[in-house]
Structure formats: structure tokens, C-alpha cells
Amino acid sequence: MRLYNTLTRAVEEVDPVEPGRVKLYACGPTVYRYVHLGNLRTFLLTDLIRRALAFEGREVFAVQNITDVGHMTDESSPDAVDKMLLAVEDEGLQPLEIAEKYTEEALADMALVGIRLPDVLPKATDHIAEMIELTQTLIERGHAYVAESGSVYYDVTSFPGYGKLSGNTLDALKAGHRDLETDPAKRHHADFALWKAAGPGRLMKWPSPWGDGFPGWHVECSAMSMKYLGDRFDIHTGGNDLKFPHHEDEIAQSEGAVGHQVVSTWVHAGFLRLTGQKIAKSTGNVIRAPELVERGLDPLAFRWLAFQTRYRSEMDFTWEAMETADRRVKQLRRHVSEWGEPAGELGEAAAGFDGRFRAAVANDLDMPTAVRVVNDLDRSPDVPSSEKRALLASWDEVLGLDVERDAREGWEPGEEILAKVAERDAAREGKDYARSDQLRDELQAMGLEVMDTAEGTRVRPRS
Ligand SMILES: [Zn+2]
């Protein structure tokens, strides 16, 4: 399996440090707000990497953190307000209750789109001691200094590799860097906080050798990734927006603390755009996975939609495309149920399809090609149905579309179909035959056979 490594700017073979076991860390949800489809697209990348490696028969050990320490973009500005505090005020809950609520919601939304839970799901608030320890190590090794305020800063000039991931080297940062940390005690404008002294507006704070405060966001991921995966591990994932400063700072911290490279491969997911606007924390454009369900769409179809675009490219989300994906996934499930029992062995044609699918997935998760292979197989006159069924069932380990659902449960009309059936019966009763015919056409276009019976309209999948 090959992946594009942001660090080397090349597609590379996944070659684990520990032979036979791939260790992976993913930046997880921030739990004072809901996760949206943009976050889920990023988490889907991690899920796909894990599934694709397992599909190749490899063992994967995955860690994804929960960021339950409130963070602001501008945490050391005197006017900054703790976002966790804002949520506390808005919702009348205590910080840990807020964190618990949004953690549960995030995990439920991830499950809705078929994202498998990681092996370990560490919470930042359970690892404050490890973060303090890492900060102390960085001070001892000359990479960090304590300011009069009680905040501890990373000295970026002490780490020659700063900027190697994102290209934002110190030279590049001299021009036009937005200075987000305004503490005058900072030696270089790009120095970032490992530990922040708690101001008056701070609800979540912990004692430390430097006074009451809270950890910087970046230090959380360095401390938790190395605690669970050791100081050399294979893959680190996240959204494109985390490359800088989050991941750049994580490299400076982890490598500064241990003195060698920690992460082999950095993989970043592209943005999801909604009507041309980036769905990110800063915009108001937020669609959540449960909204798909409310609209009668299968949330697993979001996977099929995401597969149409390479993970590194920006992806446009439209409801129309989502509905098309939903219809296609339901159609595939129906076909699988019609293909009968799965074959035990594959003929030559089926083996050819299998090879194409596996090659696409192993090629830096080329899911648009994998989707084409699925569509080609579905239509192919050369592969017996029983072999199609066996192939799709096996590929579903990567696709995660629950393709055998209809075969397992028998076919049931969905809400959309039932609504059209009811509307058609009403139209016929009102002798509005033009509308009735139109609805019959629409039902047929959904792959259904439409029958007029004494009890009204009946539908079943067209075989
Ligand atoms: Zn992170």
C-alpha cells in the first residue's frame, strides 16, 4: 500500500517500523461543538487507511485523541474567550459535561458514516501529566523557555527543521506571519505556547511547575501519540488545515524531545466545500451526519460520495450529489440481494476485477478508480452473479457500505418510496392521471417495478 507523504511530497510504500503492525495516530474531534461533514471527511481518510491495510491482511493499531481542553485560535490575547467557557455559558453545563456530550455526539456521527472506532481514544484532560512532562523535557533540552507570565514557549529557532512539513520555515514566516500570540516575553514571533498561564477567563486549568494553567493544543497530540505509539510510528493523519501550525509544531515538539524523527508518513485530507465555501470551524456552513438521516438519506452513502474524489483534493458537497450517491448505494444493495448466494471461488474475469480493485485501493487510496471498478463489475456480462456477490462482499471491508444489507434483511421500501406511493394513490383517487403517471415514472426510474392492485400501488425491485 502506497500513500502520499506530505513530509517528503512523494507517494511512498507503507513500511512499518514494527514489521507486520502499522501504528497510526489521527487528530480527533474538538468536543465543545458538533462535528460536521468536513470533519467526517477527514476522519473517513483515517478509516479508509485502516480498512485498506486490514484488507491487505495487515495489522493496524490506531489512536485518535479527543480534544477536551478548550482552545481558542488566539489563546494568549487578553480579550480571548475560552470556547469551552462559551459553550458552558450557552448550554448551562459544566466543562466535563459539555465534553462528554459532544464526545458522544461525535462518536455517534462517526458511526453513522461507518467510521470504525480507533483502538485507543485518549482524552486530553486525562493526559495533562504527560504534557507537563514533555514540556519539562523540552525546557531541559533547550527547546523551550518559561516566560514571566508562567507560560512556557517553544523556541522555534532551536529546531532547524522547523517548517519542513508545511514549507512555513522561519524565513518564510518573517514575511506576513499573523502573530497570534501577543505575549511580549516571546523571543521570536513564531514561538508557540506549550503551557499557558491561566487568565481570569479560564475555567479549565491545572497546577504545574509554572503555576496554574493549561496545555497548548499542539503539545496534546505530541504527548498522547508518543505515549500510545512510542517515539517512532508510521502514519499521522489530519485535515489540511492542521498542517500548519498544528502538525509543524507537533514535529518540533516530538522530535525536539526525543532527538530523532518520530512520524514516518503524514497524510492530509482535503477540504469539503459546500456551495463553494469551505466547511471548517470558522464558517457557519455546518451540516451534520444526522441531517442526512432526517432527509431520508442513508448516511453510509456519504462514503460513496466521498469516494468520487481523491482524498487530497477539495470535494464539493451538494444535496443533489448526495441524493445520487444514496440512490446508487441502495441500488447496489438491491443488486447484491438479487445475485443469490456468494460463490466460493472466482473465475478468471472476476479475479481480474478483484486485481483492479485492490490495485486502486493500494495506489494512495484511488477510490474514484475503485468506484469505477465496482460500477464495471455491476454491469459486466462476463462475471456470474454469485461471483459478483462474493467480490462486492469482500470489497465492502474497504467500502463500508453494508452492501449485503438487503440480502440479509430482505427488501423494504424506504420513506421516499412510500411517500411517492401514497401520493400516487391519492392522485389516482383524485383522477389526476397525469400526476399519477409522473409518479409511476419516478418510481420506475428508481429501479422499481410498479403494479396497480385493488389495494393501490405496489412496488418491488425490478429484477
Ligand atoms: Zn492533533
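Residues numbered from 1 in each chain as written. Predicted model: local features only at pLDDT ≥ 70, side-chain atom pairs only at ≥ 80, totals over all residues. Heavy atoms only, no water.

## What to know about helix α11 (residues 348-362)
The end-to-end C-alpha separation of α11 is 21 Å, in line with the 21 Å expected for 15 residues at 1.5 Å each. What α11 keeps buried is the set Ala-350, Phe-353, Asp-354, Phe-357, Ala-360, Val-361 and Ala-362. Along its buried surface, α11 packs onto β1 (2-5), α1 (37-55), α12 (367-379) and α13 (385-399). With its phi angle positive at about 55°, Asp-364 sits one or two positions after the end of α11. (Helix = DSSP H or I, 4+ residues; strand = E, 2+ residues; numbered from the N terminus. Expected span 1.5 Å × (residues − 1). Buried < 20%, exposed > 50% of the residue type's maximum accessible area, 1.4 Å probe, protein only. Contact = heavy atoms within 4.5 Å.)

## Points about the confidence of the model for the protein chain
Averaged over the protein chain, the pLDDT score is 90; the fraction of residues at 70 or greater is 92%. Across residues 72-79, where pLDDT falls below 50, the model places 18 contacts with residues more than four positions away in sequence or in other chains. (pLDDT = per-residue confidence, 0-100.)

## Some points on the coordination of the zinc ion
Coordination of the zinc ion by the protein comes from Cys-27 (SG), Cys-221 (SG) and His-246 (NE2), over a distance range of 2.1 Å. Motif for the zinc ion, donor spacing along one chain: C-x193-C-x24-H. With Cys-27 in the loop between β3 (21-26) and α1 and His-246 in helix α7 (residues 243-258), the pair connects residues that are 219 residues apart, well separated along the chain. Both residues of the pair, Cys-27 and His-246, count as buried. (Donors = N, O, S within 2.8 Å, 3.2 Å for Na, K, Ca; no water.)

## Examining the pairing of strand β2 (residues 10-13)
Across 4 bridges, the pairing between β1 and β2 is antiparallel. When the sheet's bridge partners are listed, Tyr-4 is paired in β2 with Val-11. Connecting the antiparallel pair β1 and β2 is a turn made up of 4 residues, with Arg-9 showing a positive phi of about 55°. (Pairing = 2+ DSSP bridges.)

## Re the pattern of salt bridges
The final tally for this structure, using the stated rule, is 30 salt bridges. With a shortest N-O distance of 3.3 Å, Arg-288 and Glu-105 are connected by a salt bridge. Note that Arg-288 is positioned in the loop between β12 (277-278) and α8 (289-294) and Glu-105 in helix α3 (residues 95-112), a separation of 183 residues in sequence. Judged by its relative accessible area of 19%, Arg-288 falls in the buried class. You can call Glu-105 partly exposed: its relative accessible area is 27%. (Salt bridge = Lys/Arg side-chain N within 4 Å of Asp/Glu carboxyl O.)

## Points about the packing of helix α6 (residues 217-229) against α7
When two helices pack together, their arrangement is given by the angle between the helix axes and the distance between those axes. It is the contact of α6 with α7, at a shortest axis distance of 8 Å, that shows an interaxial angle of 50°. Accordingly, the angle class assigned to the pair α6 and α7 is oblique. The hand of the α6/α7 crossing is right-handed. Mapping the contact onto sequence places Trp-217, His-218, Val-219, Cys-221, Ser-222, Ser-225 and Met-226 in α6 and Pro-245, His-246, Asp-249, Glu-250, Gln-253, Ser-254 and Val-258 in α7. (Axes fitted to C-alpha atoms, helices over the stretch in contact; angles between N-to-C directions. Parallel < 35°, antiparallel > 145°, perpendicular 65-115°, else oblique. Left-handed = near helix turned anticlockwise from the far one by under 90°.)

## Points about the sheet that holds strand β9 (residues 233-239)
Sheets are built from strands paired through backbone hydrogen bonds, the pairs being either parallel or antiparallel. Taken in spatial order, the 4 strands of this open sheet run β4-β3-β9-β10, and their pairing is parallel. Every interior strand has two partners, whereas the edge strands, β4 (59-64) and β10 (263-269), have only one. The average angle at which neighbouring strand axes cross in this sheet is 25°, direction not considered. With 3 bridges connecting them, β3 and β9 associate as parallel partners. Bridging from a neighbouring strand, Leu-24 pairs with Ile-235 of β9. Sitting on the sheet, α1 touches β3, β4, β9 and β10, and the angle it makes with β9 is about 150°. Against the sheet, α6 touches β3, β4 and β9, its axis set at about 160° to β3.

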